[in-house]
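Below are the chains, spelled out letter by letter.
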Amino acid sequence: MSRGDTCITRAMKSYQKLTTAVPQPAAYRVEEEGAAPTPTGRGKLAPWWVGSGLLVAAVLLSTITVWVLRQVSGGWPGPVLPPKCLLVPESHRFDCYPERHVVVTQELCESRGCCFIESPPPAGGKRGVPWCFYPPDFPSYTLESLNQTALGMVGLLVRRQKTYYPRDIEMLRLDVEFEADTRLHIKITDAANTRYEVPLEVPQAMKRAENPIYSLDFSWDPFGVLLRRRATGTVLLNTTVAPLIFTDQFLQIATSLPSRFLYGLGEHRGTLLHSLDWSTLTLWARDVSPTESFNLYGAHPFYLLMEEGGDAHGVFLLNSNAMEVALQPAPGLTWRTIGGVLDFYIFLGPDPNMVIQQYQQVIGFPAMPPLWALGFHLCRWGYGSSNETWQTVRAMRNYQIPQDAQWNDIDYMDGYRDFTFDPQKFASLPSLVEDLHKHGQRYVMILDPGISSTNPHGSYWPFDEGLRRGLFLNTTQGQPLIGQVWPGFTAFADFSNPDTHQWWLENLQRFHAHVPFDGLWIDMNEPSNFMDGSEHGCPPGELDSPPYTPAVLGDSLSAKTVCASAKQKASVHYNLHNLYGLMEAKATASALIQIRGKRPFVISRSTFPSQGRYSGHWLGDNRSQWKDMYYSIPGLLSFSLFGIPLVGADICGFSGSTSEELCTRWMQLGAFYPFARNHNTQNEKAQDPTVFSPAARTAMKNVLLTRYSLLPFLYTLFHRAHLQGDTVARPLFFEFPRDVATLGLDRQFLWGRSLLVTPVLEPGVDSVTGYIPRGVWYDFYTGSSVNSSGEMLKMLAPLEHLNLHVREGAILPTQKPGTTSKATRGNPLHLIVALSSSGTAWGDLFWDDGESLDTFEQGSYSYLVFNVTQNTFTSTVLHTSTEATEVTIGTLSIFGVRKPPSKVLLNGQEKPFSYLDNQVLTVSDLGLSLNQGFSLRWL
């Protein structure tokens, strides 16, 4: 039993039933249907106290021994420590003085009513065990009343002793809603006054969950939540481990965790699995090249935790203020935010895939991308002209290397101003876009939210009109806040104002009339500012200088962004900062729909929960280094957890100069990013596939052709993401949650359930070692099988080869690749069947026109299910549309056919076939229309 679950022995009484004046149909523990309510919490919790009593005794003995030894050796100056402080083991010390850049003294610590014990600092300047921590009896809130509601309960929390931050909110309202059997909603707000809440549409439960798979208890004094998984009894949350603090600008709640396997909490650069070794993750959108331990472009206050035994749960704090999450080895976690309310959703899974689906049921499922979005994209900053851009496109066509979209960075603009293009260097841009469209390709350009403010009046409509309509962020004085971005001095569009969306649309319409772009890349939308705050800095006050500032890069909320005190339509920037990119993406997607009448394609740098409904994301300004290539994998897998499946990193690296070997390996990995774009900075040598040696160029072309052959499979995965929140790029532990060897893997990943990607991530090697989970896996290219017991395998990986394996029991729809998604669409399908050891397989295919809005919702699609059982392949058409008549199924390859067949029957008619020694059966020239079901049998 972890000490974190037990530091409330003094509050044992508090687990008793709370008496209220209301009849209690389900009491305060959500009981099993028909089970007798437990008369007191004490009987139920008895085993806890036995185990923890022993633990406390042991800890006390060892701590006192250490203490005595230190006293003898003169280790501690000053007064004797209270025994209650010695009772708390190091790993369970919850930080009472988290302020950075303060040397915490005993005096400072004790002025907060906390315990002070110095411990040696860890190596490397990292934070270690807090010297100042809460004693077990630190004053918290008391649960004064609790009443049943239709959906759950409502309670009143009261704090009788002030904390050390200004403006304690002494009476809080607790709302608990049992929204679904696998979803619990707990919200703590000011009981008397309304506070800012995130303007996110969330589903409203209509009735209370009937058979929740969780049970909930409360501690009364101090107030705490105890959440358990019914099936296993695992304690998922226990918030009595540290006091609840709820002041106007400092809100803190901590919990013990049931294991150390924690993921999520973005956006950060690091391993997929977080370290709980005293690390702090800050959430405050910031423009900075991805660097370990910094707060990056987006904010995602959601974590996924794998419990012992393979169950999973997730926790989402719906709060958009500056925030930090402190992790410690107890294992434990502390949420600290400086505004809003504590609005928690807990998702009970029980498997990780289901947790992410349940999370997206709250924040919204991702939009279905157009098919061309899944092709290969090419970009650089510094083409310098539209003709140079065009040359690159022509070179790609010349070598017949697949490409769906050509992009431009800010150098296409006139003076870096939005909605303009350079009349000299980019004069031929409209012709380039026309040529792209003729060849079935698309054009995407960059836009920034900073609008140039220094042009003569009447010469730049976007600023003049935005000013006239009052659509920019304002200072506290009510004037447009002026910062500095690429064009020089700029004002910032206020996307929290619906009128700004209309102005944004009008600007885009005017530009589209000249340059008919197909998608938009929205950058710098943290929002980024080359100044801190504004041209005049920021005013004094508690928005720009709050009582507590989380551990943000630059130590100030306004570092390289606008003032937190800036006024926006919906609230102050202090509350809305982390939503800026989301609100801009919403305006941009909406504008694209109105301009083009087709599915929008938007890629955004800054993101927040629900972003997937409007845009994808790229992982920002990375570097051309091997470690950056590795870090892209945990990056893209984390965004899969956040409900933003359309994600990738700049292939071959953005800044710095790539090498041929690095770029070849990165193109192989990048061909399996859901969003695949090679992007480069200015003044570096070109890194598109055409500029390398014939061998490297061929390797890059071949891996892109492999991606294009898999487009039907990838597109179907995106359909499942859009429909029900499945992940596209997926960590291995999602499919093998009971295999502990998978829990830390982030150098490989899956597409869906069944395609395993094992890239080379280091220089100078011709092999790669990867984990092959238990079962039969087939080489994607040859169909040869490997039967794994769940082990690390060394695989050949010459420079031209990427290891891909198909999981037994899967059927992958593939297609003969063309050089664009449009060209590929018309080619025959090739179905790859990977038989399980019992001779079965399953797969599906979603097919529509690739670009129209809401095809699934309107029924304009085809959906097929493929099945193999008893040597018979069956294709069943569950829904069909006209598009399916234009496509044929050409070839069927079946991996794992153990004996050579004597004959193959297609709908009862004999067909020629080939059979190889590696147990691959192939039937070609099928010529079957996609909208016809069929069966194929081998004897």
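The rules behind each value
- Residues numbered from 1 in each chain as written.
- Predicted model: local features only at pLDDT ≥ 70, side-chain atom pairs only at ≥ 80, totals over all residues.
- Heavy atoms only, no water.
- Patch = residues over 30% accessible without salt bridge, like charges linked within 9 Å, V, L, I, M, F, W, Y side chains within 5 Å.
- Areas by Shrake-Rupley, 256 points an atom, 1.4 Å probe, with all protein chains shown as cover.
- Salt bridge = Lys/Arg side-chain N within 4 Å of Asp/Glu carboxyl O.
- Helix = DSSP H or I, 4+ residues; strand = E, 2+ residues; numbered from the N terminus.
- Contact = heavy atoms within 4.5 Å.
- Phe/Tyr/Trp six-rings, centres within 6.5 Å; stacked < 30°, edge-to-face > 60°.
- Buried < 20%, exposed > 50% of the residue type's maximum accessible area, 1.4 Å probe, protein only.
- Lys NZ or Arg CZ within 6 Å of the ring centre and 35° of its normal.
- pLDDT = per-residue confidence, 0-100.
- Disulfide = S-S within 2.5 Å.
- Axes fitted to C-alpha atoms, helices over the stretch in contact; angles between N-to-C directions.
- Parallel < 35°, antiparallel > 145°, perpendicular 65-115°, else oblique.
- Left-handed = near helix turned anticlockwise from the far one by under 90°.
- Nonpolar A, V, L, I, M, F, W, Y, C, P; charged D, E, K, R; others polar.
- Pairing = 2+ DSSP bridges.
- Core = buried A, V, L, I, M, F, W, Y, C linked by side-chain atoms within 4.5 Å.
- Expected span 1.5 Å × (residues − 1).
- Arc of directions from axis to C-beta.

Q: What is the right way to read a nonpolar patch on the surface from this model?
A: A contiguous nonpolar surface patch, about 250 Å² in accessible area, is contributed by Tyr416, Trp486 and Phe530. Topologically, Tyr416 is positioned in the loop between β20 (405-408) and α6 (429-438).

Q: Mind showing me how you'd approach the environment of Gly656 here?
A: With respect to the helices, strands and loops of the structure, Gly656 is situated in the loop between β29 (650-651) and α12 (660-670). Taking C-alpha positions, Gly656 is 43 Å from Gly349, a pair spaced 307 residues apart along the chain. Here Gly656 is in contact with Ser624, Asn680, Thr681 and Glu684, once residues within four sequence places are set aside.

Q: Which parts of the structure should I look at to understand the packing of aromatic side chains?
A: The way to describe two aromatic rings as a pair is by their centre distance and the angle between their planes. Tallying each qualifying case throughout the model produces 48 aromatic pairs. Here the aromatic rings of Tyr303 and Trp335 are separated by 6.0 Å at their centres, their planes lie at 25°, and the arrangement is stacked. Here Tyr303 is found in strand β14 (residues 300-306), whereas its partner Trp335 is found in strand β17 (residues 332-337), with 32 residues between them in sequence. The pair Tyr303 / Trp335 is uniform in exposure class, with both members buried. Taking 6.3 Å as the distance between ring centres and 50° as the angle between the ring planes, the aromatic pair formed by Tyr412 and Phe511 counts as tilted. Separated by 99 residues along the polypeptide, Tyr412 in the loop between β20 and α6 and Phe511 in helix α8 (residues 498-512) bring together distant segments of the chain. What makes Tyr412 buried here is its relative accessible area of 0%. Three or more aromatic residues joined by ring pairs form one cluster here, namely Phe419, Phe463, Phe472, Phe495, Trp503, Trp504 and Tyr580. If you follow Arg112 out to its NZ or CZ, it ends over the ring of Tyr97, 3.6 Å from the centre. The aromatic ring of Trp521 is capped on one face by Arg677, whose charged end is 4.3 Å from the ring centroid.

Q: I keep staring at the confidence of the model for the protein chain and nothing clicks. Help me out?
A: Do not read the fine detail of predicted coordinates wherever pLDDT is low. Of all residues in the protein chain, 91% have pLDDT values of 70 or greater, and the mean over the chain is 92. Counting contacts from residues 1-77, a segment whose pLDDT is below 50, to residues more than four positions away or on other chains yields 126 contacts.

Q: Explain unusual backbone geometry to me, please; I cannot follow it from the model alone.
A: Across the chain, the bulk of peptide bonds are trans and the bulk of non-glycine residues have phi less than zero. Following Asp221, the chain continues into Pro222 via a peptide bond in cis, with omega recorded as 5°. When you line up the elements, Pro222 lands in the loop between β7 (214-219) and β8 (224-229). Looking along the chain, the bond that leaves Gly266 and enters Glu267 is cis, with omega of 5°. You can see Glu267 is positioned in the loop between β12 (261-266) and β13 (279-283). The residue Gln870 is not glycine, and still its phi comes out positive at about 50°. Considering the arrangement of structural elements, one finds Gln870 in the loop between β42 (862-869) and β43 (872-879). By relative accessible area, Gln870 is classed as exposed at 70%. With a phi close to 60°, Asn871 is a non-glycine residue in the positive phi region. Classification of Asn871 as partly exposed rests on a relative accessible area of 36%.

Q: Sorry, what's going on with the state of the cysteines here?
A: The term disulfide refers to a covalent linkage connecting the sulfur atoms of a pair of cysteines. Considering all chains together, one arrives at 5 disulfides under this definition. Paired by a disulfide, Cys85 and Cys115 hold their sulfur atoms 2.0 Å apart. An S-S torsion of about -75° defines the bridge between Cys85 and Cys115 as left-handed. Of this pair, Cys85 sits in helix α2 (residues 83-86) while Cys115 sits in strand β1 (residues 115-116), and the two are 30 residues apart along the sequence. Both residues of the pair, Cys85 and Cys115, belong to the buried class.

Q: Would you mind going over the packing of helix α5 (residues 386-398) against α6 with me for this structure?
A: To describe two helices that pack against each other, one gives the angle between their axes and the distance between the axes. Running from N to C, α5 and α6 cross one another at 20°; their axes reach a closest spacing of 9 Å. Judged by the inter-axis angle, α5 sits roughly parallel to α6. Between α5 and α6 lies a crossing whose hand is left-handed. Residues Ser386, Thr389, Trp390, Val393 and Arg397 of α5 lie in contact with α6, whose contacting residues are Leu429, Ser431, Leu432, Asp435 and Leu436. Class assignment of the residues belonging to the contact of α5 with α6 gives a composition of 5 nonpolar, 3 polar and 2 charged.

Q: Help me out: how do you make sense of the sheet that holds β8 in this one?
A: Whenever strands of a sheet pair, they do so through backbone hydrogen bonds, lying parallel or antiparallel. Taken in spatial order, the 3 strands make up an open sheet running β7-β8-β9, and their pairing is antiparallel. Every interior strand has two partners, whereas the edge strands, β7 and β9 (235-238), have only one. Sheet twist, expressed as the average angle between the axes of neighbouring strands with direction ignored, equals 15°. As judged from the 6 bridges shared by β7 and β8, these two strands associate in the antiparallel manner. Looking at the pairing, Asp217 lines up with Leu226 of β8.

Q: I tried to follow the sheet that holds strand β10 (residues 245-246) on my own but got confused; where do I start?
A: Pairing within the open sheet is antiparallel, and its 5 strands lie in the order β10-β11-β17-β16-β13. The sheet is open, and its two borders are formed by β10 and β13, each paired with just one other strand.

Q: Where do I start with the pairing of strand β18 (residues 342-347) in this structure?
A: Consecutive residues of a regular strand have side chains that alternate between opposite faces of the sheet. Taken across its 6 residues, β18 has 6 buried, putting it largely inside the fold. Here β18 shows two buried faces, one formed by Leu342, Phe344 and Ile346 and the other by Asp343, Tyr345 and Phe347. Both strand β6 (residues 183-190) and β18 contribute to a ladder of 6 bridges, which runs antiparallel. Looking across to β18, one finds that Lys187 is bridged to Asp343. Note: strand β15 (residues 312-317) against β18, 4 bridges, orientation antiparallel. Residue pairing for β18: Phe316 is matched across the bridge by Tyr345.

Q: Where do I start with the packing of helix α13 (residues 694-709) against helix α14 (residues 711-724) in this structure?
A: Closest axis-to-axis distance for the α13/α14 pair is 5 Å, and the angle between their directions is 55°. Considering the angle they form, α13 stands oblique to α14. Facing α13, whose interface residues are Arg707, Tyr708 and Ser709, α14 presents Leu711, Pro712 and Leu714. Partitioned by chemical class, the residues of the contact of α13 with α14 number 4 nonpolar, 1 polar and 1 charged.

Q: I'm lost on the nonpolar core in this one. Help?
A: Proteins that are soluble and globular tend to have nonpolar side chains buried together. If you look at the biggest cluster of nonpolar residues, it comprises 235 residues, and the most contacted ones within it are Trp335, Phe672 and Leu936. The residues contacting Leu936, other than those within four sequence positions of it, are Asn871, Thr872, Phe873, Leu892, Ile894, Val904, Leu905, Leu906, Val923 and Leu926. The next biggest cluster of nonpolar side chains, apart from the first, holds 25 residues, and it includes Tyr164, Ile245, Ala254 and Ala564.

Q: Teacher, can you tell me more about α5 here?
A: Residues spaced three or four apart along an α-helix face the same direction, because each turn holds 3.6 residues. For α5, which comprises 13 residues, the first-to-last C-alpha distance of 18 Å matches the rise-based estimate of 18 Å (1.5 Å per residue) to within 8%. Along α5, the residues classified as buried are Ser386, Thr389, Trp390, Thr392, Val393 and Met396. An end-on view of α5 places all buried positions within 155° of arc, on one side of the element. Following α5 by one or two positions, Gln400 has its phi on the positive side, about 55°.

Q: Could you clarify how one ought to interpret the pattern of salt bridges in this entry?
A: Counting across every chain of the model gives 40 salt bridges. A salt bridge links Glu851 to Arg442; the nearest nitrogen and oxygen atoms lie 3.5 Å apart. A residue pair is termed long-range when its members are at least 10 positions apart, and Glu851 in the loop between β41 (841-847) and α17 (855-858) and Arg442 in strand β21 (residues 442-447) qualify at 409 residues. With a shortest N-O distance of 2.8 Å, Arg599 and Asp848 are connected by a salt bridge. Linking Arg599 in the loop between α10 (580-596) and β26 (602-604) with Asp848 in the loop between β41 and α17, this pair joins segments that are 249 residues apart in sequence. Overall, the relative accessible area of 4% leaves Arg599 in the buried class. Using a relative accessible area of 0% as the deciding quantity, one classes Asp848 as buried. Within this structure, Asp287, Asp523, Glu526, Arg605 and Asp621 form a network of salt bridges that share partners.

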